[in-house]
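# Observations on the three-dimensional arrangement
These are the residues of each chain, in order.
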Amino acid sequence: MHPIRKQRLYLVLFIVLFSSAAAGLVMYALSGNINLFFPPAEVARGMAPVGQPIRVGGMVVENSVVRSDDSLAVAFELTDYEANVTVVYEGILPDLFGEGQGAVAAGRLDEQGVLRATEVLAKHDENYMPPEVAHALEQSGYDEKGKAQ
Amino acid sequence: MWSFFHKLGSPPWLYRIAGTIVRWLLPVTLVALCVGLVWGLLYTAPDFRQGNSYRIIYIHVPAAVVALAGYYVMAIAGAVSLIWKMKMADVAMKSCAPIGAALTFIALVTGAIWGKPTWGTWWVWDARITSMLILLFLYLGVVALYEAYDNKEAAGKACAVLTLVGTVNIPIIYKSVDWWYSLHQPASIKFTGDSTIDPSMLYPLLLMIAAFYGVFTCCLLMNMRAEILEREARTNWVKKLALEYRA
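Residues numbered from 1 in each chain as written. Chains lettered and ligands numbered in written order. Predicted model: local features only at pLDDT ≥ 70, side-chain atom pairs only at ≥ 80, totals over all residues. Heavy atoms only, no water.

### Quick word on the overall build of chain A
What counts is decided by this rule: In this text, helices come from DSSP runs of H or I with a minimum length of four residues, and strands from runs of E with a minimum of two, each type numbered from the N-terminal end. In this description the radius of gyration comes from C-alpha coordinates, and the expected globular size is given by 2.2 Å times residues to the power 0.38. Per-residue accessibility, obtained with a 1.4 Å probe over protein chains only, is compared with the maximum for each type, and a residue is labelled buried under 20%, exposed over 50%, and partly exposed between these values. Any two residues having at least one pair of non-hydrogen atoms within 4.5 Å are treated as being in contact.
Each helix and strand in chain A was counted, giving 3 helices and 6 strands. Secondary structure elements of chain A, listed N to C terminal, follow the sequence α-α-β-β-β-β-β-β-α. In summary, chain A has a C-alpha radius of gyration of 22 Å against a globular reference of 15 Å for 149 residues, an excess of more than 25%. Each of the three principal axes of chain A carries a C-alpha extent, and together these read 80 × 45 × 25 Å. Here chain A holds 149 residues, and 38% of them are scored as buried. Looking at chain A alone, contacts between residues at least 24 apart form 44% of all its contacts between residues at least 6 apart.

### Quick notes on unusual backbone geometry
A positive phi angle, close to 60°, is found at Asn 63 of chain A, a residue other than glycine. Mapped onto the elements of the fold, Asn 63 of chain A is located in the loop between strand E1 (53–60) and strand E2 (66–67). At Lys 85 of chain B, a position not held by glycine, the phi torsion is positive, near 55°. By relative accessible area, Lys 85 of chain B is classed as partly exposed at 36%.

### Remarks on the layout of surface pockets
The test is simple: Think of a 1 Å grid over just the protein atoms. A cavity is a set of points where a 1.4 Å probe fits yet cannot get out, a pocket is an open set with protein on both sides within 12 Å along at least five of seven lines, and lining residues have an atom within 4 Å of a point. Grid points are joined across faces, edges and corners, and a volume is the space filled by probe spheres set on the points. Just so you know the grouping, Ala, Val, Leu, Ile, Met, Phe, Trp, Tyr, Cys and Pro go in nonpolar, Asp, Glu, Lys and Arg go in charged, and all remaining residues, Gly too, go in polar.
Estimates place the volume of the largest pocket at around 930 Å³. Of all the elements, helix H3 (residues 57–84) of chain B adds the most residues to the lining of the largest pocket, at 8 residues. For the lining of the largest pocket, the residue count by class is 30 nonpolar, 5 polar and 1 charged. A volume near 710 Å³ is recorded for the second largest pocket. Lining the second largest pocket are 30 residues, and of these Gly 58, Met 59, Gly 102, Lys 123 and Asp 125 of chain A lie nearest its centre. Elements that contribute at least two residues to the lining of the second largest pocket include exactly E1 and strand E5 (102–109) of chain A together with helix H7 (169–179) of chain B. Considering each element in turn, the lining of the second largest pocket owes the most residues, 4 residues, to E1 of chain A.

### Some remarks on the pattern of salt bridges
All names here are of chain B. Rules: In what follows, salt bridge is the name for a side-chain nitrogen of Lys or Arg lying within 4 Å of a carboxyl oxygen of Asp or Glu.
Overall, the coordinates contain 6 salt bridges over all chains when judged by the stated rule. In this structure, the salt-bridge partner of Asp 90 is Arg 231, at a minimum N-O distance of 3.1 Å. Of this pair, Asp 90 sits in helix H4 (residues 87–118) while Arg 231 is found in helix H8 (residues 199–231), placing the two residues 141 residues apart along the sequence. Overall, the relative accessible area of 9% leaves Asp 90 in the buried class. Where Lys 175 meets Asp 178, a salt bridge forms, and the shortest distance between an N and an O atom there is 3.4 Å.

### Looking at the pairing of E5 of chain A
Successive residues of a regular strand alternate their side chains across the two faces of the sheet. Residue and element names in this part refer to chain A. Let me state the cut-off plainly: Here, strands pair whenever DSSP counts at least two bridges between them.
Among the 8 residues of E5, 7 are classified as buried, and the element is accordingly described as predominantly covered. Summarising the sheet, E1 and E5 pair through 7 bridges and their orientation is antiparallel. When the sheet's bridge partners are listed, Pro 53 is paired in E5 with Arg 108. Bridge count between E5 and strand E6 (residues 115–123): 8 bridges; the pairing is antiparallel. Its bridge partner being in E6, Gly 102 is matched across the sheet by Lys 123.

This is the structure:
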């Protein structure tokens, strides 16, 4: 290869490597801040600030959803199977919100460690299948991830 | 091998071969696009949890996949134009940018439309969505930077450097859902291991991804042909071509 072209090739490699390293360092410095939400385990360990707007994400615990009879108030628990966080919320929940499903709640933690949510989002997972397949899986005793129930 | 590389650098040859490829690829692409759309939107079963709203996957995922792949095409073209000073690589790089921007925009808009009924929000600043927005700005940045220079050579150089710096964003977009907690779900199509999307839904999706690659290639080649004609407007072969068309 022509020496000048070789020099330009090294320049190109340098640009790519250098910018990757720079981006890598920035992401390393920001690592915790890029996460959209805290898992309940980190909240339990006191890593989430109290009184500040934060998000907590996890699975909605089965049979934990308690709805009010005369208002839109709802309380439920989020878990990452290590710790639980109680969430209270008043408003309309997304269609895909449900027990045993992922959800992300935004709000502030109070002193008791309860998240007073101002917004609840449903988190969809990567499993896509027709209802018959889901039904068949249920019949055979496996969940959608192929794990025995 | 090298003679092919040298031929690629010849504007009339590239103009002609690009025309031939488009003539064959475009009908195939359009058929694949129609079949994929009808198959995906009408003939697949609804999802067990999302119902029919999941069908936007047949537009969203192909647009996003090709937007990422297209960036590498642009970056490689940029690197070739920097190293070998090949004008046709510069043409390819410049022609990629608006198509990539359009695909990224489609991915973002369809994602927002899907997000509202599924997540309960149009937009959330999670790692995947934010890095995808940065990709849109990178594509638009290349378009804008190219137009900001009067001198084509300086414009090409500046844009090539910008595209190379931007390549770092592509693996970040791809891995963002695994590296950080995000609202966006991880990939359903997996290169290793079983995909977590039912085969009956996967096949039309793969067809749509192939069709979007075809759309990208056709748009790119047609863009390049137009750009070549514009740059070579004063040469004899273009003048001859214009006369042939008039006759």
